[in-house]
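Observations on the three-dimensional arrangement
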Amino acid sequence: MYELVLLCLVAFAAGFIDAIVGGGGLLQTPATLLILPNYPVATLLGTTKIPSIAGTTLAAFKYSKKVEFNLKVLAACAFMAFFAALTGAYLVSRIDNTVIKPIILVVLILVALYTYFNKQFGIHQEKNHSVKKQVVMAAIFGLVIGFYDGLIGPGTGSFLILVFIAVLGFDFIGASAHAKIVNIATNLAAIIYFSYSGHILFQYAIPMAAFNLCGAYFGTRLALLKGNKFVRIFFLIVVFGTILRFAYDILFK
């Protein structure tokens, strides 16, 4: 019961963070690994996907009332991300993540610096690409980030938001909304694989999902109420926390 209470509190915080700027998995995944150390890593990764998809789905629904979705871009990105995430989930126990983490750390540092010094980053929507070019780029990045989500997971939402802003020209609110839909696709793919292979602890996953939903509800309301400037600041905080997390993993593990 003590473990379950801790996991539910973590799930609430993760849902709140994830609804605003993504990155809730950076809190939820390591906390689950720490609280339940006696289970296989693949099982714990599979378990965290249930609360993740619950909170993300609620956030996507709330955003859909305020944001007009670009369906062609969204479909291309989500479709490629789904199948890439299936592949990543399959390979999760076969590739050494320590090779990937230093690269991610460098990218995150560059993202943080760019976002901080470019005050207009994600504040206004900018469409400088044709629809065809947006669809192609969305498919490519959906493939890459979907694979990452299946393989490693934490930080996927933040990476998706970054792509929708920096590459596709969305503002923060629009990017968050679209990222949620793609994240649902990647989480669903991982859940299909982990369920099939028996890697989900439903006795923990279901209560965590309820608390993640609550966190997502409050996070989405706050993001829509405060607008792009607030989300930009929150994005910087989460990216900075992500940098610290990856740096710790690289240096001390």
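Here is what the cut-offs are and how they apply
Residues numbered from 1 in each chain as written. Predicted model: local features only at pLDDT ≥ 70, side-chain atom pairs only at ≥ 80, totals over all residues. Heavy atoms only, no water. Helix = DSSP H or I, 4+ residues; strand = E, 2+ residues; numbered from the N terminus. Buried < 20%, exposed > 50% of the residue type's maximum accessible area, 1.4 Å probe, protein only. Contact = heavy atoms within 4.5 Å. Areas by Shrake-Rupley, 256 points an atom, 1.4 Å probe, with all protein chains shown as cover. Axes fitted to C-alpha atoms, helices over the stretch in contact; angles between N-to-C directions. Parallel < 35°, antiparallel > 145°, perpendicular 65-115°, else oblique. Left-handed = near helix turned anticlockwise from the far one by under 90°. Nonpolar A, V, L, I, M, F, W, Y, C, P; charged D, E, K, R; others polar. Phe/Tyr/Trp six-rings, centres within 6.5 Å; stacked < 30°, edge-to-face > 60°. Core = buried A, V, L, I, M, F, W, Y, C linked by side-chain atoms within 4.5 Å. Salt bridge = Lys/Arg side-chain N within 4 Å of Asp/Glu carboxyl O. Patch = residues over 30% accessible without salt bridge, like charges linked within 9 Å, V, L, I, M, F, W, Y side chains within 5 Å. pLDDT = per-residue confidence, 0-100.

Scanning the protein chain from N- to C-terminus turns up 10 helices and zero strands. Element order for the protein chain, N to C, with α for helix and β for strand: α-α-α-α-α-α-α-α-α-α. Taken over 253 residues, the protein chain has a buried fraction of 55%. Put simply, of all contacts in the protein chain between residues at least 6 apart along the chain, 84% involve residues at least 24 apart. Surface accessibility of the protein chain: about 11,800 Å² in total, with carbon and sulfur atoms responsible for 71%.

We now examine the packing of helix α7 (residues 156-167) against helix α8 (residues 172-196). Relative orientation of the contacting elements α7 and α8 amounts to 130 degrees, with a least axis distance of 8 Å. Compared by their axis directions, α7 and α8 come out oblique. The handedness of the crossing between α7 and α8 is right-handed. The residues of α8 that touch α7, namely those facing Thr156, Gly157, Leu160, Ile161, Phe164 and Ile165, are Phe172, Ala175, Ser176, His178, Ala179, Val182 and Asn183. Split into classes, the residues belonging to the contact of α7 with α8 amount to eight nonpolar, five polar and no charged.

We now examine the packing of aromatic side chains. On inspection of all chains with the given rule, the structure shows eight aromatic pairs. Each ring, one from Phe164 and one from Phe170, has its centre 5.3 Å from the other, and the planes form 70 degrees; the classification is edge-to-face. Each member of the pair, Phe164 together with Phe170, is buried. With 5.6 Å between their ring centres and 65 degrees between their planes, Tyr193 and Phe194 make a pair best called edge-to-face.

For soluble globular proteins, the rule of thumb is that nonpolar side chains tend to be buried together. With 44 residues, the main nonpolar core has Val21, Ile161, Phe164, Leu168, Val182 and Val231 as its most contacted residues. Elements supplying a minimum of two residues to this core: α1 (2-21), α3 (41-64), α4 (71-91), α6 (131-151), α7, α8, α9 (202-226) and α10 (228-252). When residues no more than four places from it in sequence are discounted, the contact partners of Phe164 are Val73, Cys77, Gly169, Phe170, Ala175, His178, Ala179 and Val182. The next biggest cluster of nonpolar side chains, apart from the first, holds 14 residues, and it includes Ala89, Ile184, Ile191 and Ala205.

Tallied over the entire structure, the rule returns one salt bridge. Here Lys49 and Asp149 are joined by a salt bridge, their closest N and O atoms 3.2 Å apart. Of this pair, Lys49 sits in helix α3 while Asp149 sits in helix α6, and the two are 100 residues apart along the sequence. Using a relative accessible area of 3% as the deciding quantity, one classes Asp149 as buried.

One can find Arg232 in helix α10. Since its relative accessible area comes to 9%, Arg232 is described here as buried.

Examined against the element boundaries, Phe79 turns out to sit in helix α4. Separated by 103 residues in sequence, Phe79 and Val182 have C-alpha atoms that sit 8.2 Å apart.

Right, let's get into the side chain of Asn187. Among the structural elements, Asn187 can be located in helix α8. Judged by its relative accessible area of 3%, Asn187 is buried. Once residues within four sequence positions are removed from consideration, Asn187 is found in contact with Lys49, Ser52, Ile53, Thr56 and Asp149.

Before going further, it helps to spend a moment on helix α2 (residues 25-35). Most of α2 sits inside the fold, with eight of its 11 residues counted as buried. Buried residues of α2: Gly25, Leu26, Gln28, Thr29, Pro30, Ala31, Thr32 and Ile35, and no others.

Below, the discussion takes up the environment of Met1. Mapped onto the elements, Met1 comes out in the segment before α1. Linking Met1 and Tyr204, residues 203 residues apart in sequence, is a C-alpha distance of 10.0 Å.

This part takes up a nonpolar patch on the surface. Together, Phe12, Phe211, Tyr217 and Phe218 give the surface a local cluster of nonpolar side chains, amounting to about 360 Å² of exposed area. Among the elements that line the nonpolar patch, the one with the most residues is α9, at three residues. Mapped onto the elements of the fold, Phe218 is located in helix α9.

Looking now at the confidence of the model for the protein chain. The predicted structure's coordinates, where accompanied by low pLDDT, should not be read in detail. Residue-level pLDDT values for the protein chain average 82, and 85% of them are 70 or greater. Mean pLDDT values for the elements of the protein chain range from 65 in helix α5 (residues 101-117) up to 92 in α9.

The next subject is the packing of α3 against α8. Where α3 contacts α8, the axes come no closer than 8 Å and their chain directions differ by 145 degrees. The element α3 and its partner α8 pack so that their crossing is left-handed. Across the interface between the two elements, Ala42, Leu45, Gly46, Lys49, Ile50, Ser52, Ile53, Thr56, Thr57, Ala59, Ala60 and Tyr63 of α3 pack against Ile173, Ser176, Ala177, Lys180, Ile181, Asn183, Ile184, Asn187, Leu188, Ala190, Ile191 and Phe194 of α8. Looking at side-chain class alone, the contact of α3 with α8 contains 15 nonpolar, seven polar and two charged residues.

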